[in-house]
Amino acid sequence: MTAAFLAWYLLYVVLSGWARDFMGTELFGNINIALIFGLLQFVSTFGIAWAYSRHAEKKLDPIADKLRHEVEERSE
């Protein structure tokens with residue numbers, strides 16, 4: 001997931017620097033491809049954070065709870 005996001009981000013940066021005509025293409029009104037790609041960066045960031053949160057809740061939190069209970073039992 002990290003590699004995919006970094007590739008997506010670097011694509012945005014590279015296109016912004018070397019494909020200015022493409023990124024400046026207006027889609028409707030004053031909205032151009034660069035603005036859409038920039039907004040999609042935020043969407044993908046929040047999507048990844050949401051997916052990780054679900055993964056942590058289902059897979060990691062139960063393991064952490066089990067370890068915490070084991071440590072608490074040993075310290076008593």
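Participant: Provide a residue-level description of the environment of Ala51, including the pertinent values.
Facilitator: Looking at the secondary structure, you find Ala51 in helix H3 (residues 33–75). Separated by 46 residues in the primary sequence, Ala51 and Phe5 place their C-alpha atoms 13 Å from one another.

Participant: If you had to explain the pattern of salt bridges to someone new, which residues and values would you point to?
Facilitator: Counted under the stated rule, the structure contains two salt bridges. Here Arg68 and Glu72 are joined by a salt bridge, their closest N and O atoms 3.7 Å apart. Placement of both Arg68 and Glu72 in helix H3 is noted, with a separation of four residues, approximately one turn of the helix. Several salt bridges share partner residues, and in doing so they unite Asp65, Arg68 and Glu72 into one network.

Participant: Quick one: what's the story with the environment of Asn32, residue by residue and with numbers?
Facilitator: Structurally, Asn32 can be placed in strand E2 (residues 31–32). Sequence-distant contacts of Asn32, that is, excluding residues within four places in its chain, are made with Met23, Gly24, Thr25, Glu26 and Leu27. Within the local environment of Asn32, its side chain forms a polar contact with the backbone nitrogen of Leu35, the two atoms lying 2.9 Å apart.

Reading guide: rules and limits
- Residues numbered from 1 in each chain as written.
- Predicted model: local features only at pLDDT ≥ 70, side-chain atom pairs only at ≥ 80, totals over all residues.
- Heavy atoms only, no water.
- Helix = DSSP H or I, 4+ residues; strand = E, 2+ residues; numbered from the N terminus.
- Salt bridge = Lys/Arg side-chain N within 4 Å of Asp/Glu carboxyl O.
- Contact = heavy atoms within 4.5 Å.
- Polar contact = N/O pair within 3.5 Å; in protein donor to acceptor, adjacent residues only side chain to side chain.

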